[in-house]
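# Structural features, examined
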Amino acid sequence: MKFIIAILLVTTLSCTKDKIEISPPDEFKKYIHISHTRLVDNSAIHPKSTKIDYSSFDITMLGGDIAHLSSHDDQTLELIDSIFDIKANTTFWSLGNHDYSKPALIESYTNRPSYYTHHQNGITFVILDTQKDSCHIFNEQFQLVKDITDTISKSTHLLFLTHKLIWMPDHPILQEQVPKISNGQFGEFHYSLYYNNFYKDIYPRLVSTSDKGIKVVCLAGDIGKHANEFEYTTSDGIQYLASGLDYQSSDDQYLIFDHNLTKGTLTWKYVK
């Protein structure tokens, strides 16, 4: 009897030792950033943008200049809404100069102001309006940035969404690249890229956020005419990205993000 018990005990221990723990698969979310989908009139928008199934993405980020005059009338906004579902709280829109005919009309569709924040899946999104004060982040917008950067603690990432590439002026390397990258060139028109207060008032706050271990990504949409992609990492580890289409180009691209919620990582790739 003792011999039989010993055999059963050894067998039980052996089975326990050989048991393999299978970890659950990582959880992923997918996001898309697309911008500058305008044509030369309001008859339609870039056909490439209409062939994408946006319902397959957890978040849609619009980088501005969506139609020739996006907020000109309800008909145009209804077209845009039918494609991008701009009323959804998971569709973000950083307004561009071609969206600014009647920005209040856009707000009536989205039920959101032109600058706001959203937290989802461990990422804090800050959507800014770079048309409002000629590329400057002043007053209520600056207070919004201040409040977020002062209090953010639990997010893995902070994403700054803008239309204009406001982080190119006054940068020792990027400023000279403006003519080859940005749709909006330096000037004093509503579509121009202005010198602004990004490096004076905003950038130090992004660095302090990065110092907390939170990855910071600045994502803009005013490219496509001269370049179809842009990536740059500052010496402080701040990531600059931009994507945009152009109706005259056959080499258009947009951005797809893969967010691994399990590992807290965010990766991206340009897609044609």
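Summarised in this report is the structure supplied together with it. (Residues numbered from 1 in each chain as written. Predicted model: local features only at pLDDT ≥ 70, side-chain atom pairs only at ≥ 80, totals over all residues. Heavy atoms only, no water.)

### What to know about helix α4 (residues 103–110)
Within α4, the full set of buried residues consists of Leu105, Ile106, Tyr109 and Thr110. One side of α4 carries all its buried residues, which in axial view fall inside an arc of 130°. Of the surrounding secondary structure, the elements contacted by the buried residues of α4 are α3 (74–84) and β3 (91–93). Asn111 lies just past α4 and shows a positive phi near 60°. (Buried < 20%, exposed > 50% of the residue type's maximum accessible area, 1.4 Å probe, protein only. Helix = DSSP H or I, 4+ residues; strand = E, 2+ residues; numbered from the N terminus. Arc of directions from axis to C-beta. Contact = heavy atoms within 4.5 Å.)

### A look at the sheet that holds strand β6 (residues 157–161)
Sheet strands associate in pairs through backbone hydrogen bonding, adopting either a parallel or an antiparallel arrangement. Reading across from one edge, β4-β5-β6-β7-β9-β8 is the order of the six strands in this open sheet, with mixed pairing throughout. For this open sheet the edge positions go to β4 (116–120) and β8 (230–233), each flanked by a neighbour on one side alone. Strand-to-strand, the axes of this sheet are offset by a mean angle of 15°, without reference to chain direction. In this structure, β8 lies alongside strand β9 (residues 239–242), joined through four bridges in antiparallel fashion. From the neighbouring strand, Phe230 faces β9, where its bridge partner is Ala242. (Pairing = 2+ DSSP bridges. Axes fitted to C-alpha atoms, helices over the stretch in contact; angles between N-to-C directions.)

### With respect to the layout of surface pockets
Estimated volume of the largest pocket: approximately 260 Å³. Lining the largest pocket are 15 residues, and of these His36, Arg38, Asn183, Gly184 and Lys225 sit closest to its centre. Of the residues contributing to the lining of the largest pocket, the split by class is two nonpolar, eight polar and five charged. (1 Å grid on protein atoms, 1.4 Å probe; cavity = no way out; pocket = protein on both sides within 12 Å on 5 of 7 lines; lining within 4 Å. Points joined across faces, edges and corners; volume = space filled by probe spheres on them. Nonpolar A, V, L, I, M, F, W, Y, C, P; charged D, E, K, R; others polar.)

### A word on the pairing of strand β2 (residues 59–62)
Of the two faces of β2, the one holding Ile59 and Met61 and the one holding Thr60 and Leu62 are both buried throughout. Alignment of strand β1 (residues 28–34) against β2, held across four bridges, turns out to be parallel. Each bridged residue has a counterpart across the sheet, and for His33 the counterpart in β2 is Met61. As defined by bridge partners, β2 adjoins β3 across three bridges and the pair is classed as parallel. Looking at β3, one finds that Thr60 is bridged to Thr91. Read from β2 through α3 to β3, the crossover connection turns out right-handed. (Right-handed = clockwise from strand over helix to strand, strands pointing away.)

### Notes on the pairing of β4
The alternating pattern of β4 places Tyr116, His118 and Gln120 on a buried face and Thr117 and His119 on a face that is not buried. Pairing geometry for β4 and strand β5 (residues 123–127), over five bridges, is antiparallel. Counted as the bridge partner of His119 is Thr124 from β5. Linking β4 back to β5 in an antiparallel pair, the connection comprises two residues, with Asn121 at a positive phi of about 55°.

So, to be careful, I would describe these as geometric facts and stop short of saying anything about function.
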